[in-house]
Amino acid sequence: MPVAGIDPRQIETFNKEYSKSPKSFTLGLEARSIWEGRGLGNLGKVGPWKLGTNPMKRPSRDFSVQLGSWREVGDALGVEGAADRIEPVETALMALCSCVTEAITLNCARKGVNLEGLEVRANLDVDPGPITGAKDPMDWEKSLRSVKLDVTAQGKLAKKEEQIVEEGARRSPVHHIFSRHPGTRPLPMSVRWPRVGCGTSDRGRRHPWRPPGRSGTASTTRERVPPSTSRERGASDRRQALRSDRSGRLGTARARPHPCRPP
């Protein structure tokens with residue numbers, strides 16, 4: 001697989017089924033927030049969605065995140081007991097980065113690009129005046145018109161493959177949402193191709209996309225373990241293997257076709 005964990009043949013099959021009936025593949029999405037009753041805190045929730053006209057509801061798909069503001073901003077605005085929360089604008093930027101990441105990986109998988117690593121970063125300067133009432137909301141037409149998007153792709157990529165990465169970023173629906181307002185400038189996007197650590201000749205340097213301790217060179221040093229500790233670990237390993245085997249059988253017995261997967 002050009003991109004680990006994604007089967008490009010399944011993408012091709014999906015696209016063929018989609019072309020027969022695009023409306024049946026439309027994703028109807030919903031999100032909501034519930035004010036906590038004091039201060040700026042609120043609970044953001046997602047869960048139910050639609051595939052075409054079919055409602056998709058599962059009790060286990062009920063995700064929540066506590067949203068709010070920064071403690072310093074809350075203190076400055078007179079919020080009692082202000083605390084740090086994920087801020088809604090940060091959430092939107094995080095959604096942009098995540099969606100661009102997914103769009104790039106799908107595009108690379110579809111076109112056979114060997115993508116080894118990817119990081120997307122978004123930056124935005126926000127004037128708080130309009131939300132606090134110090135300025136008119138229309139002032140954001142001048143001050144809030146552009147998000148800086150920085151994409152760092154890792155891999156031995158030819159020029160044509162680099163263009164496929166850039167094309168993938170523009171296939172993101174959230175990227176489109178951020179760019180579609182008539183007065184909004186296209187998102188300025190920089191794409192970087194770091195070369196250090198990509199090859200195999202630089203064996204003394206840890207690969208930038210590999211966690212510490214997994215440098216690709218096996219260590220010959222073995223830790224001496226007391227016999228009693230070794231027996232305990234062996235028993236623990238056997239119990240873990242048994243649990244894995246049981247969970248695997250249960251998962252196979254309960255397997256169902258994924259609702260988004262074409263027949």
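What comes next concerns the included structure.

Analysis parameters
- Residues numbered from 1 in each chain as written.
- Predicted model: local features only at pLDDT ≥ 70, side-chain atom pairs only at ≥ 80, totals over all residues.
- Heavy atoms only, no water.
- Salt bridge = Lys/Arg side-chain N within 4 Å of Asp/Glu carboxyl O.
- Helix = DSSP H or I, 4+ residues; strand = E, 2+ residues; numbered from the N terminus.
- Buried < 20%, exposed > 50% of the residue type's maximum accessible area, 1.4 Å probe, protein only.
- Contact = heavy atoms within 4.5 Å.
- Polar contact = N/O pair within 3.5 Å; in protein donor to acceptor, adjacent residues only side chain to side chain.
- Core = buried A, V, L, I, M, F, W, Y, C linked by side-chain atoms within 4.5 Å.
- Patch = residues over 30% accessible without salt bridge, like charges linked within 9 Å, V, L, I, M, F, W, Y side chains within 5 Å.
- Areas by Shrake-Rupley, 256 points an atom, 1.4 Å probe, with all protein chains shown as cover.
- Pairing = 2+ DSSP bridges.
- Axes fitted to C-alpha atoms, helices over the stretch in contact; angles between N-to-C directions.
- Expected span 1.5 Å × (residues − 1).

Details of the pattern of salt bridges
- This structure, assessed with the given rule, holds 13 salt bridges.
- The salt bridge involving Glu167 is made with Lys111; its shortest N-O contact spans 3.1 Å. Separated by 56 residues along the polypeptide, Glu167 in helix α6 (residues 159-169) and Lys111 in helix α3 (residues 88-111) bring together distant segments of the chain.
- According to the relative accessible area criterion, Lys111 is partly exposed, its value standing at 37%.
- Between Lys135 and Asp127 there is a salt bridge; the shortest N-O distance is 2.7 Å.
- The structure contains a network of salt bridges with shared partners spanning Arg110, Lys111, Glu167 and Arg171.

With respect to the environment of Trp35
- On the secondary structure map, Trp35 appears in strand β2 (residues 31-35).
- Among the residues examined, Trp35 registers a relative accessible area of 56% and is labelled exposed.
- Note: C-alpha distance between Trp35 and Gly68 (33 residues apart in sequence) is 9.7 Å.
- With residues near it in sequence (within four places) discarded, Trp35 still touches Gly41 and Asn42.
- Separated by 3.0 Å, the side chain of Trp35 and the backbone oxygen of Gly39 make a polar contact.

Concerning the nonpolar core
- Among the nonpolar cores identified, the biggest contains 26 residues, and Val100 and Ile104 are the most heavily contacted of them.
- Mapped by element, the contributors of at least two residues to this core are α3, β7 (117-123), β8 (148-154) and α6.
- It is α3 that contributes the most residues to this core, eight residues altogether.
- Not counting the four nearest positions on each side in its chain, Val100 is found in contact with Val120, Leu149, Val151, Ala169, Ser172 and His175.

A word on a nonpolar patch on the surface
- A grouping of Leu40, Trp70, Val73 and Leu77 is seen on the molecular surface, where their side chains present a nonpolar patch of about 340 Å² in accessible area.
- Considering the arrangement of structural elements, one finds Leu40 in the loop between β2 and β3 (42-46).

With respect to the sheet that holds strand β6 (residues 63-67)
- Spatially, the three strands line up as an open sheet ordered β2-β3-β6, and their pairing is antiparallel. Taken across any chain shown, the strands that pair with only one partner, and hence form the sheet edges, are β2 and β6. Averaged over all neighbouring strand pairs, the angle between strand axes comes to 25°, with direction disregarded.
- Across five bridges, the pairing between β2 and β3 is antiparallel. Note on β3: the bridge partner recorded for Arg32 is Lys45.

Details of helix α1 (residues 8-20)
- Helix length check: α1, at 13 residues, gives a terminal C-alpha distance of 19 Å against a target of 18 Å (1.5 Å per residue), a fit within 8%.
- Where α1 begins, one side-chain oxygen reaches toward the backbone nitrogen of Arg9, 3.0 Å away; that side chain belongs to Asp7.

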